[in-house]
Amino acid sequence: MTTDATVRTAVVFVHGLIERRPMDIFDDFAKTVLAPHEGRWEYYPQPLEITDSYEARRYVVPSAGVDLYEYDWSFLMTGPRYSGVIASLARTFLRRPAHVPDSLFGIWRLAWLVLIVPLAVLLGVMIIGGYFLQTGVAGWIVGLVTSVVVLSIALAVLRTMPRALIRSFLTTGFVNVARYFDLLAPESYVVRRAIRGGLVDLLYTLQQGSYARIVVVGHGIGGYIAYDALTTSWAETHELRAVPPERPEGLGALAGLEAAADRVVAEPNSAGALDEFQTAQFELWQDLRRQGNPWRITDFVTIGTPMAMADFFVGRPPILAGLGRADGRRHDLFDKLTRRGVVVRCPPRSEASPVDAVESGPANYGSAGVLGAQSPFAVTRWTNIWFPVRRGSIRGDWFGGVLRPLFGPGVREIAVSGNLPERLRPGVPQTKYFKYPDRAAEGDVAFHLREALALEDHSGLDVSVNAPVPDPAAVDRVVYRSWQRSM
């Protein structure tokens, strides 16, 4: 028995910080990743029966053989409203200037100025008032002037702060990020498990269907939610196959992938090494499918994701660590999570390396023709897109940034140079990635996304692998859906 070899593609979109209701930005996303035909976009709404959300829909593009799905997680973000926020803010802002990430340095400096300038004004008023008291000016006059100044500042703060805290997508986004990563609160753990489990179930269901290829796109915090679900799904399915692992054809491309991984680690700035690595990833994915593994995810795309600050949120260094002379503590903690398998890199860490090995050694991603549990990005290519921020500026996406220092040199980084002037407006570029789908010139978001996803022009990708169905007898393991795990 074989799967349907029709070249159909499923795109799973995981929304980010600005989603208020299901499908709030799904239309904009669909138009951004699909090229219009004769001035209009041709996609059609269909019910989405495979999730528990009755509001969710999918968009079908018959001409391209593409189905677009949105995974909505906002209704699952329950629990304490500001759980983990104070600690996350302290880790971010209680730092020496040299230890502040480039994307945050401008807003870090602005926040401290907003705090220090009013305090300096009040201190100045007190000093001036003291001086006039010494010159015989009546105390009630000094008190009146001081009260007017203090009350004016207080009223201005009281008028602006609630609006910023309640209505600003930036505040809401930071709160959601902090809540998702607050591993100390039991409520946050439950929320994270529910959010991740729902997406794992969706990917599991799609991989049992007739799609030849699946692409996962995560925007904002949706990038880390998608990352969590990908690594969880891989850990549950990487051993599945329909043929014995000793079969001669096995994973013939594995040796080439391991050699390409070693090269991209040795030459992290080489475009040629990265191209070779991603080509080898796709070839190994084809071998994996021919074995009968259900993994159909060829590409993972992150857009403006706060994963660039994962060493703050996931590594959770001591709150005052950033005030020291060196800032290596957060990097050491994040590296320890990588060695423990909590964080998976691209290219992956060698499966042959023990937890205590600081250097992972030459790439070794499997034995007996089966890839290891830490190697999802041996077969899934990763592209990261973001609006860059010049250090010291507040123009650009404060949440996005380069992922390679934390997640490995196998990530293809794309700093958007187009979409002017919107991407340079302070504080709002996080909301602008999908606002201008009709702009697809080289350097624009739409150009980069369409090139990375290759939905209408597969660019030579042979995804129509005639793969056999996994045989339960070939591996002594059963994969359960998340709702089955809790029974």
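So, here is what we can say about the structure in this document. Given the structure is predicted, the values throughout are model-derived calculations rather than measurements.

1. Quick notes on the overall build of the protein
Then step 1. Within the protein, the secondary structure is distributed over 14 helices and ten strands.
Then step 2. Residues counted as buried form 51% of the 487 residues belonging to the protein.
Then step 3. Sequence separation of 24 or more characterises 77% of the internal contacts of the protein that already satisfy a separation of 6 or more.
Then step 4. If you sum the accessible surface of the protein, you get close to 22,300 Å²; carbon and sulfur atoms cover 60% of it.

2. Notes on the sheet that holds strand β3 (residues 57–61)
Then step 1. Taken in spatial order, the eight strands line up as β2-β3-β4-β1-β5-β6-β9-β10 in an open sheet, and their pairing is mixed. The outermost strands of the open sheet, each flanked by one partner alone, are β2 (44–47) and β10 (411–415). With strand direction ignored, the average angle separating the axes of adjacent strands in the sheet is 20°.
Then step 2. Inspection of the sheet shows strand β5 (residues 213–219) paired to strand β6 (residues 297–303) by six bridges, in the parallel sense. By the bridge assignment, V217 is partnered in β6 with V301.

3. Description of the packing of aromatic side chains
Any pair of aromatic rings gets described here by the distance separating the centres and the angle formed by the planes.
Then step 1. Scanning the model with the defined rule gives 21 aromatic pairs in all.
Then step 2. Taken together, a centroid distance of 5.2 Å and an interplanar angle of 70° make the contact between Y224 and Y227 edge-to-face. Here Y224 and its partner Y227 are both found in helix α7 (residues 221–237), three residues apart, which amounts to about one turn of the helix.
Then step 3. Exposure remark for Y224: the relative accessible area of 3% places this residue in the buried category.
Then step 4. One aromatic cluster is present, formed by Y224, Y227, F300, F334, F377, W382 and F407 through successive ring pairs.
Then step 5. Note that R391 overlies the ring of F105, its terminal NZ or CZ placed 4.2 Å from the centroid.
Then step 6. Cation over ring: R439 sits above Y436, and NZ or CZ is 4.3 Å from the ring centre.

4. Considerations on the packing of helix α1 (residues 26–33) against helix α13 (residues 445–453)
Then step 1. Packing of α1 against α13 brings their axes to within 8 Å, and their N-to-C directions diverge by 70°. As far as their axial angle goes, α13 and α1 are roughly perpendicular. Across the interface between the two elements, K31, T32 and V33 from α1 touch V445, A446, L449, R450 and L453 from α13.

5. Brief notes about the pairing of β5
Then step 1. Burial of β5 is extensive: seven of the seven residues sit out of reach of the surface.
Then step 2. Here β5 shows a buried face lined by R213, V215, V217 and H219 and a second buried face lined by I214, V216 and G218.
Then step 3. Taken together, the six bridges between strand β1 (residues 9–14) and β5 define a ladder with parallel strand orientation. Among the inter-strand pairings, T9 is bridged to a residue of β5, identified as R213.

6. Overview of the packing of helix α8 (residues 254–266) against helix α9 (residues 271–291)
Then step 1. It is the contact of α8 with α9, at a shortest axis distance of 9 Å, that shows an interaxial angle of 155°. Put simply, α8 runs roughly antiparallel to α9. For the crossing formed where α8 meets α9, the hand is left-handed. Across the interface between the two elements, L254, G256, L257, A260, A261, R263 and V264 of α8 pack against G272, A273, L274, E276, F277, A280, Q281 and L284 of α9.
Then step 2. The class makeup of the residues in the contact of α8 with α9 is ten nonpolar, three polar and two charged.

Cut-offs and rules
Residues numbered from 1 in each chain as written. Predicted model: local features only at pLDDT ≥ 70, side-chain atom pairs only at ≥ 80, totals over all residues. Heavy atoms only, no water. Helix = DSSP H or I, 4+ residues; strand = E, 2+ residues; numbered from the N terminus. Buried < 20%, exposed > 50% of the residue type's maximum accessible area, 1.4 Å probe, protein only. Contact = heavy atoms within 4.5 Å. Areas by Shrake-Rupley, 256 points an atom, 1.4 Å probe, with all protein chains shown as cover. Pairing = 2+ DSSP bridges. Axes fitted to C-alpha atoms, helices over the stretch in contact; angles between N-to-C directions. Phe/Tyr/Trp six-rings, centres within 6.5 Å; stacked < 30°, edge-to-face > 60°. Lys NZ or Arg CZ within 6 Å of the ring centre and 35° of its normal. Parallel < 35°, antiparallel > 145°, perpendicular 65-115°, else oblique. Left-handed = near helix turned anticlockwise from the far one by under 90°. Nonpolar A, V, L, I, M, F, W, Y, C, P; charged D, E, K, R; others polar.

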